[in-house]
Amino acid sequence: MNNLLGVEELSVGFATRGGMLTALDGISFSIARGEILGLIGESGAGKSVAGAAIVGLIASPGRITGGTIHLAGERIDNLPEEKLNAIRGKRIGMIFQDPMTSLNPLIRIGDQLVETIRRHLGLSPKQARVRAIDLLAETGIPDPASRIDAYPHEFSGGMRQRVVIALALAGEPDLVIADEPTTALDVSVQAAIIALIEKLCRERGTAVLLITHDMGVIARATQRLAVMYAGRIIETGGTESILGDSRHPYTRGLMQAIPPLRARPRRLVQIPGAMPRLVAMPKGCAFHPRCAIAEEQCLQFRPNLVGGAHQAVACHLSRAFSEEVDTGSSKENSVNQGLRAVDLIESDRPPL
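The following refers to the structure shown. (Residues numbered from 1 in each chain as written. Predicted model: local features only at pLDDT ≥ 70, side-chain atom pairs only at ≥ 80, totals over all residues. Heavy atoms only, no water.)

**Focus: the overall build of the chain**
On a plain count of helices and strands, the chain comes out with 15 helices and 12 strands. The buried share of the chain, taken over its 352 residues, is 51%. In the chain, once contacts between residues fewer than 6 apart in sequence are set aside, the share between residues at least 24 apart is 65%. As displayed, the chain has an accessible area near 16,200 Å², and 51% of this comes from carbon and sulfur atoms. (Helix = DSSP H or I, 4+ residues; strand = E, 2+ residues; numbered from the N terminus. Buried < 20%, exposed > 50% of the residue type's maximum accessible area, 1.4 Å probe, protein only. Contact = heavy atoms within 4.5 Å. Areas by Shrake-Rupley, 256 points an atom, 1.4 Å probe, with all protein chains shown as cover.)

Here you go:
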């Protein structure tokens, strides 16, 4: 595959009085042009830290402590700030979690777009305004010629998120990092946002890192997945493979926590406990305190990510675990569960 982004053994730490806390611990993944890679996991897994590290937004006392990041073959993790500023917005666009805090409430939407366009594309004020209107229309804002002069508070949550996407696209980037782009949006708006991201990849060849915890969004939009837990990637592979035949107990737990739509109702399975704190990371496999099948080796030795491009997993017991479950019947059920949001809204999805 023609990889646009390559992340190799990336580690991020935060300096504290008690020592360095490791938020990312040697994660590796790649994204091809026109591909959507999903990065999933519970809150605190390190997903947003990974996105911030790629675009160079790790603030002090945090820093990249190891590994490399390459964009189109060029290493970017060691660039000085002025060169990173030339990349942010231009080659890498960022969609942040909360659209209201991503937009300046005191500045009109059009002014924010025009400033970004002029900075990265070098257009005149008139040309930039025309381009801003086109971007608003492309992202589904109705009557963009008049709405361009509105303030953020005059838009709904879904419309603000579309404006944030327009800002991320303003510099015509090669890569977009979408950090929870559908958070707090109703399912119909979610579908429209995801359809917009898919259109972006299809028509522009843009690569997207989609950071989310919503399995419905993941099933709808992504081609490949990387599952994160406690700062590490613990399972990766094709979306259908992982949703249909999860090999890691944590990934399986995430899938079993989704209400089934096409099967007999059942009691939802809850993963016991919580994500470990950075100051109290357990020895061995970080998931073992919450794992129902953990053995002595899980308590003592940290598993490596083993497998191929189709599917890889970091679990000492992955083979035994996968043999215990009925993979033949679980695949269809798991994928159906992951598609629950799509099932509810597909027939009423608003046009772009």
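Now that the structure has been shown, we can carry on.
**Notes on the side chain of Gln 311**
As for its placement among the helices and strands, Gln 311 is situated in strand 12 (residues 311-313). Engagement of the side chain of Gln 311 in a polar contact is seen with the backbone oxygen of Asp 245, the distance being 3.0 Å. Apart from residues lying up to four places away in sequence, Gln 311 is in contact with Glu 235, Thr 236, Gly 237, Ser 241, Ile 242, Asp 245, Ser 246 and Arg 247. (Polar contact = N/O pair within 3.5 Å; in protein donor to acceptor, adjacent residues only side chain to side chain.)

**Section: the packing of aromatic side chains**
By the definition in use, this model includes 3 aromatic pairs. Note on Tyr 229 and Phe 287: the rings are 5.3 Å apart at their centroids and 85° apart in plane angle, and the pair reads as edge-to-face. Of this pair, Tyr 229 sits in strand 9 (residues 224-229) while Phe 287 sits in the loop between helix 11 (249-256) and helix 12 (296-300), placing them 58 residues apart in sequence. Under the relative-accessibility criterion, Phe 287 is labelled buried at 4%. A cation over an aromatic ring shows up here: Arg 147 above the ring of Phe 155, its NZ or CZ 4.3 Å from the ring centre. (Phe/Tyr/Trp six-rings, centres within 6.5 Å; stacked < 30°, edge-to-face > 60°. Lys NZ or Arg CZ within 6 Å of the ring centre and 35° of its normal.)

**What to know about helix 4 (residues 109-121)**
The end-to-end C-alpha separation of helix 4 is 18 Å, in line with the 18 Å expected for 13 residues at 1.5 Å each. What helix 4 keeps buried is the set Ile 109, Gly 110, Gln 112, Leu 113, Val 114, Thr 116, Ile 117 and His 120. Buried-residue contacts for helix 4 involve helix 2 (81-87), helix 5 (125-138) and helix 7 (157-169). Two residues or fewer after helix 4 comes Gly 122, characterised by a positive phi angle close to 70°. (Expected span 1.5 Å × (residues − 1).)

**Section: the pattern of salt bridges**
In the structure shown here, the tally under the stated rule is 12 salt bridges. The salt bridge involving Glu 42 is made with Arg 290; its shortest N-O contact spans 2.9 Å. Taken together, the residues Glu 42 in the loop between strand 3 (36-40) and helix 1 (47-54) and Arg 290 in the loop between helix 11 and helix 12 connect sequence positions 248 residues apart. Several salt bridges share partner residues, and in doing so they unite Asp 245, Arg 247 and Arg 252 into one network. (Salt bridge = Lys/Arg side-chain N within 4 Å of Asp/Glu carboxyl O.)

**Brief notes about the sheet that holds strand 4 (residues 62-71)**
For sheets, the rule is that strands pair by backbone hydrogen bonds, running either parallel or antiparallel. Pairing within the open sheet is antiparallel, and its 4 strands lie in the order 2-1-4-5. A single partner strand is all that each edge strand has here, and the edge strands are strand 2 (19-32) and strand 5 (74-75). As paired strands, strand 4 and strand 5 are joined by 2 bridges and run antiparallel to one another. What sits directly across from Leu 71, in strand 5, is Glu 74. (Pairing = 2+ DSSP bridges.)

**Structural notes on the environment of Ala 280**
Along the chain, the position of Ala 280 falls in the loop between helix 11 and helix 12. Distance from Ala 280 to Leu 21, taken between C-alpha atoms, is 9.7 Å for residues 259 residues apart in sequence.

**As for unusual backbone geometry**
With an omega of 15°, the peptide bond running from Ser 60 to Pro 61 counts as cis. Along the chain, the position of Pro 61 falls in the loop between helix 1 and strand 4. You will see that Glu 9, though not glycine, has its phi angle at about 50°, which is positive. Tracing the chain through its elements places Glu 9 in strand 1 (residues 3-16). In the Ramachandran plot, Ala 72 falls in the positive-phi region, its phi being about 50° despite a non-glycine side chain. The topology assignment puts Ala 72 in the loop between strand 4 and strand 5.

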